[in-house]
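Each chain, letter by letter, is given below.
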Amino acid sequence: MKVTVQNGAAHGLTRADVESIIPLFPPLWAKCADQIVLYQSLTGSLMTTYYPGQRTLGLHWPRPKELASKEEGIR
């Protein structure tokens, strides 16, 4: 699974962080998604989205003022 960081995203997880936990993901995720993209969220909360057309899982990190912890993001 490919990990991409959106240009300019202030994200609490690094590409290496996400790559290290990919083996822990449920096997079905690898059948549904080819990549994970780390986005800067437009909202104040941590959220995920799935884009079936692109087979992409998006992890949206809160704006810098409301940053979440790494542990919260991984959970």
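Computed from a predicted model, the values in this text were never measured in an experiment. (Residues numbered from 1 in each chain as written. Predicted model: local features only at pLDDT ≥ 70, side-chain atom pairs only at ≥ 80, totals over all residues. Heavy atoms only, no water.)

Asker: Explanation requested: the confidence of the model for the protein chain in the structure shown.
Answerer: Regions with low pLDDT carry predicted coordinates that are not meant to be interpreted in detail. Confidence in the prediction of the protein chain, expressed as mean pLDDT, is 82, and 83% of residues score 70 or more. Mean pLDDT across the elements of the protein chain bottoms out in helix α3 (residues 70-74) (66) and peaks in strand β3 (residues 47-51) (91). (pLDDT = per-residue confidence, 0-100. Helix = DSSP H or I, 4+ residues; strand = E, 2+ residues; numbered from the N terminus.)

Asker: How should I be thinking about the pattern of salt bridges in this particular structure?
Answerer: A side chain of one charge can pair with a side chain of the opposite charge when the charged atoms of the two come close. Tallying each qualifying case throughout the model produces 1 salt bridge. Residue Arg55 is joined to Asp34 by a salt bridge in which the shortest nitrogen-to-oxygen separation is 2.9 Å. With Arg55 in the loop between β3 and β4 (56-61) and Asp34 in the loop between α2 (27-32) and β2 (35-40), this residue pair connects regions lying 21 residues apart in the sequence. (Salt bridge = Lys/Arg side-chain N within 4 Å of Asp/Glu carboxyl O.)

Asker: How do you make sense of the nonpolar core when you look at a structure like this?
Answerer: One broad trend across soluble globular proteins is that nonpolar side chains are buried collectively. Residues Val3, Leu13, Val18, Ile21, Ile22, Phe25, Ile36, Leu38, Leu57, Leu59 and Trp61 constitute the largest nonpolar core, which totals 11 residues. Those elements that provide at least two residues to this core are α1 (15-21), β2 and β4. Looking at this core element by element, the count peaks at 3 residues for β4. (Core = buried A, V, L, I, M, F, W, Y, C linked by side-chain atoms within 4.5 Å. Buried < 20%, exposed > 50% of the residue type's maximum accessible area, 1.4 Å probe, protein only.)

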